[in-house]
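Structure assessment
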Amino acid sequence: MSTEIVEQAVQDLKVEEKNLEEQEDVVDPWNVTSSSDAGVNYDKLIVKFGSSKIDQDLISRMESIINQPVHYFLRRGIFFSHRDMHTILTLYEQKKPFFLYTGRGPSSEAMHLGHLIPFVFTKWLQDVFNVPLVIQMTDDEKFLWKDLTLEEANRLAYENAKDIIACGFDPEKTFLFSNLDFMGQCSNFYKNICRVQKCVNVNQVKNIFGFTDADCIGKMGFPAIQAAPSFSSSFPFIFNDRKDIPCLIPCAIDQDPYFRMTRDVAPRLGFQKPALIHSVFFPALQGAKSKMSASDVNSSIFLTDSPKQIKDKINKYAFSGGGQTVEEHRANGGNCDVDVSFQYLKFFMDNDERLEEIRKTYTSGELLTGFLKKELIEVLQKLIADHQQRRSQVTDQVVRQYMQPRKLKFAWLHILPNNLVSNLTSSLLMISNQLL
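Residues numbered from 1 in each chain as written. Predicted model: local features only at pLDDT ≥ 70, side-chain atom pairs only at ≥ 80, totals over all residues. Heavy atoms only, no water.

1. What to know about the environment of G77
Residue placement: G77 occurs in the loop between α4 (72-75) and β4 (79-83). Separated by 24 residues in the primary sequence, G77 and K53 place their C-alpha atoms 9.6 Å from one another. (Helix = DSSP H or I, 4+ residues; strand = E, 2+ residues; numbered from the N terminus.)

Structure (structure tokens):
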């Protein structure tokens, strides 16, 4: 082979690698792909989606308001983007009401570690702000998108609910519901779905979500179902028919298209726009280029895994950012940006000092990959064992308690119907004038 042919092949390979690096990340509610070992470029995604980056000013403001350090998910950039978070903080300062809304699509019996992220953070938000929370189980969505019967999708919703409840949500402040069940229990919820559906035409929903003429009509209508819990009037038994109470939605950023649509239609319906706070994606064991799947038991750590399964999966499958040999690793150090074991520790090790020590020693080459994996195994074995213990206490009766439409307890005493608020305000003004 001539030198010219070899040089041309090398040049073609460099061009191909450059093209791969420049490929746009694909992020939507059903697909997340990246051409980089480090995963999605979140700075580009913020620009593309038109959200705002969570900066130090926002973190400092939140800490001053809640009088405690923020969750390490915020400090470490795991929740990195937002829409109208400053508005929510202002409401809290003014002692005005808001609520939390998040959800889960129950496509498998066993949830994995990545599914925990929004619930761990939402639990912290509920505790810090002392606000009500609604959790939507989109079993109807999974029936439409997956090879599941309605009955199986509904059953999985109740199984997944046990894992969610095991995260420790306050039963007096949390309402958890299955779409398939709640739709027939609450006409206000269905009415809001219809209102949203009338505001969005077929061309718009195709452009936002990438639907095609081959998709079933159920998919076209589903985004309105995920939008409806953003509005307080969907839950009259909680908010006394008030339609002016805003919500904050913690979610992975792939869910943002649903709520961009929701924020667009909300003012036309006389509703408050939902605020959002977005998380990064939890990487598969094989690295950021791979995809976690419930059908591939080796793509992630599941909440049902035994200590041995956790150890074996991490040792065998966790993508390493270290050198190919000990000598190479000692000389060049490890790459924490692509090393899955370190990335998992960022999500689940709450000790900032220890995490920074691991980062420094691994980057310098002092800490070897085997020892990094050992550290992660110990953290996850305890975390999952604790979760399994809590879940074992969640009976069917406990699930029914969380899923029963009912009044919730929360700090603001003025969550009253609009006419009562108006009457109360007038009465207080009269008393004030008399005193003066």
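Anyway, onward from the coordinates.
2. Describing the packing of helix α10 (residues 187-199) against helix α12 (residues 217-227)
Relative orientation of the contacting elements α10 and α12 amounts to 125°, with a least axis distance of 8 Å. Considering their axes alone, α10 and α12 lie oblique with respect to each other. Where α10 crosses over α12, the handedness of that crossing is right-handed. Note on element contacts: α12 touches α10 through G221, A224, I225 and A227, opposite F189, I193, V196 and Q197. For the contact of α10 with α12, a count of residues per class yields six nonpolar, two polar and no charged. (Axes fitted to C-alpha atoms, helices over the stretch in contact; angles between N-to-C directions. Parallel < 35°, antiparallel > 145°, perpendicular 65-115°, else oblique. Left-handed = near helix turned anticlockwise from the far one by under 90°. Contact = heavy atoms within 4.5 Å. Nonpolar A, V, L, I, M, F, W, Y, C, P; charged D, E, K, R; others polar.)

3. A word on unusual backbone geometry
Located in the positive-phi region is K95, a residue other than glycine, with phi close to 60°. One can find K95 in the loop between α5 (85-93) and β5 (99-104). The phi angle at D241 is positive, at roughly 70°, despite the residue not being glycine. Summarising the element assignment, D241 is placed in the loop between α13 (236-239) and β8 (247-252).

4. Some remarks on the packing of aromatic side chains
In this structure the tally under the stated criterion is 34 aromatic pairs. Ring centres 6.2 Å apart and planes at 75° place the aromatic pair F175 and F235 in the edge-to-face group. Separated by 60 residues along the polypeptide, F175 in strand β7 (residues 174-178) and F235 in the loop between α12 and α13 bring together distant segments of the chain. Each member of the pair F175 and F235 is classed as buried. Their ring planes at 50° and their centres at 4.9 Å tell us that F177 and F182 sit as a pair that is tilted. For F182, a relative accessible area of 0% translates into the label buried. The structure contains a cluster of three or more aromatic residues connected by ring pairs, namely F175, F177, F182, F189, F235 and F237. A cation over a ring is seen here: R260 above F49, with NZ or CZ 4.5 Å from the ring centre. (Phe/Tyr/Trp six-rings, centres within 6.5 Å; stacked < 30°, edge-to-face > 60°. Buried < 20%, exposed > 50% of the residue type's maximum accessible area, 1.4 Å probe, protein only. Lys NZ or Arg CZ within 6 Å of the ring centre and 35° of its normal.)

5. Considerations on the sheet that holds β4
The seven strands are arranged β3-β4-β9-β8-β5-β6-β7 in an open sheet whose pairing can be described as mixed. The open sheet is flanked by β3 (52-53) and β7, the only strands paired with a single partner. Inspection of the sheet shows β5 paired to strand β6 (residues 133-137) by five bridges, in the parallel sense. Across the sheet, the residue bridging to Y101 is V134, located in β6. (Pairing = 2+ DSSP bridges.)

6. Some words on the layout of surface pockets
What the second largest pocket holds in volume is close to 520 Å³. Together, 17 residues line the second largest pocket, and Y72, V120, F348, L383 and R390 are the ones closest to its centre. At the level of elements, α4, α6 (113-129), α17 (340-348) and α19 (369-392) are the ones that each hand at least two residues to the lining of the second largest pocket. In terms of residue count, α19 provides more of the lining of the second largest pocket than any other element does, seven residues in total. (1 Å grid on protein atoms, 1.4 Å probe; cavity = no way out; pocket = protein on both sides within 12 Å on 5 of 7 lines; lining within 4 Å. Points joined across faces, edges and corners; volume = space filled by probe spheres on them.)

7. Side note on the pattern of salt bridges
For the structure on display, the rule yields 27 salt bridges. We note a salt bridge from R354 to E375, for which the minimum N-O separation is 2.6 Å. With R354 in helix α18 (residues 352-364) and E375 in helix α19, this pair connects stretches of sequence that are 21 residues apart. Since its relative accessible area comes to 27%, R354 is described here as partly exposed. Between E378 and K374 there is a salt bridge, with its nearest N and O atoms 2.9 Å apart. Of this pair, E378 and K374 both sit in helix α19, separated by four residues, roughly a single helical turn. Residue class for K374 comes out partly exposed when judged on its relative accessible area of 47%. One continuous salt-bridge network, built from bridges that share partners, spans E159, K162, D163, R391 and D396. (Salt bridge = Lys/Arg side-chain N within 4 Å of Asp/Glu carboxyl O.)

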